[in-house]
Amino acid sequence: QVQLVESGGGLVQAGGSLRLSCAASGLTFTNYHMGWFRQAPGKEREFVAAIRWTGGSTNYADSEKGRFTISRDNAKNTVYLQMNSLKPEDTAVYYCAATNNWYSPMTEYDYWGQGTQVTVSS
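Criteria and cut-off values
- Residues numbered from 1 in each chain as written.
- Predicted model: local features only at pLDDT ≥ 70, side-chain atom pairs only at ≥ 80, totals over all residues.
- Heavy atoms only, no water.
- Helix = DSSP H or I, 4+ residues; strand = E, 2+ residues; numbered from the N terminus.
- Rg over C-alpha atoms; globule rule 2.2 N^0.38 Å.
- Buried < 20%, exposed > 50% of the residue type's maximum accessible area, 1.4 Å probe, protein only.
- Pairing = 2+ DSSP bridges.

Novice: For this particular structure, what's the right way to read the overall build of the protein chain?
Specialist: Broken down by element type, the protein chain carries 0 helices and 11 strands. When the helices and strands of the protein chain are listed from N to C terminus, the series reads β-β-β-β-β-β-β-β-β-β-β. Relative to the globule expectation of 14 Å for 122 residues, the C-alpha radius of gyration of the protein chain, 13 Å, shows essentially globular dimensions. With respect to the three principal axes, the spread of C-alpha positions in the protein chain is 40 × 30 × 25 Å. Within the protein chain, the fraction of its 122 residues that count as buried is 42%.

In structure tokens form, the structure reads like this:
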């Protein structure tokens, strides 16, 4: 059974930092590109960042680029999202997801985690 489990969310003040983790099991981790997405109440789920299965290429949404960093440790079957300079508008449930196609749109990602809440106070 494939399982993606996010952790590391919580409540932080604006300007603070969090590091999210996503531990994968039940799949060959190195066969999948990994992405982070987020969804705030009343809003569409949106792309945050993605990383290739080799870790050699990354992609970020414009709103996060320069503040967030995605990385992966294939030995630990884990992908991370380091979030710095957090803003109240970053408040959302953050999800990790897996795809075997680097060019997959969000709707075609193969597996999803349960999400972890990030709340940034002003």
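After presenting the structure, the write-up continues.
Novice: Before we go on, may I ask you to explain the pairing of strand 8 (residues 78-83) in this structure?
Specialist: As a general feature of sheets, a regular strand has side chains that alternate between the two faces. Counting buried positions along strand 8 gives 5 out of 6 residues, so the element sits mostly inside the fold. As paired strands, strand 3 (residues 18-25) and strand 8 are joined by 6 bridges and run antiparallel to one another. Bridge pairing in strand 8 places A23 opposite T78. Where strand 7 (residues 68-73) meets strand 8, 6 bridges bridge the pair, whose relative direction is antiparallel. By the bridge assignment, S71 is partnered in strand 8 with Y80. Linking strand 7 back to strand 8 in an antiparallel pair, the connection comprises 4 residues, with N77 at a positive phi of about 50 degrees.

Novice: I keep staring at unusual backbone geometry and nothing clicks. Help me out?
Specialist: Leaving glycine out, the prevailing phi sign among residues is negative, and the prevailing peptide bond configuration is trans. You will see that N77, though not glycine, has its phi angle at about 50 degrees, which is positive. Considering the arrangement of structural elements, one finds N77 in the loop between strand 7 and strand 8. The phi torsion at S85 lies on the positive side, around 50 degrees, for a residue other than glycine. Considering the arrangement of structural elements, one finds S85 in the loop between strand 8 and strand 9 (92-99). We classify S85 as partly exposed; its relative accessible area is 40%.

It is worth stressing that arrangement in space is one thing and function is another; only the former is reported here.
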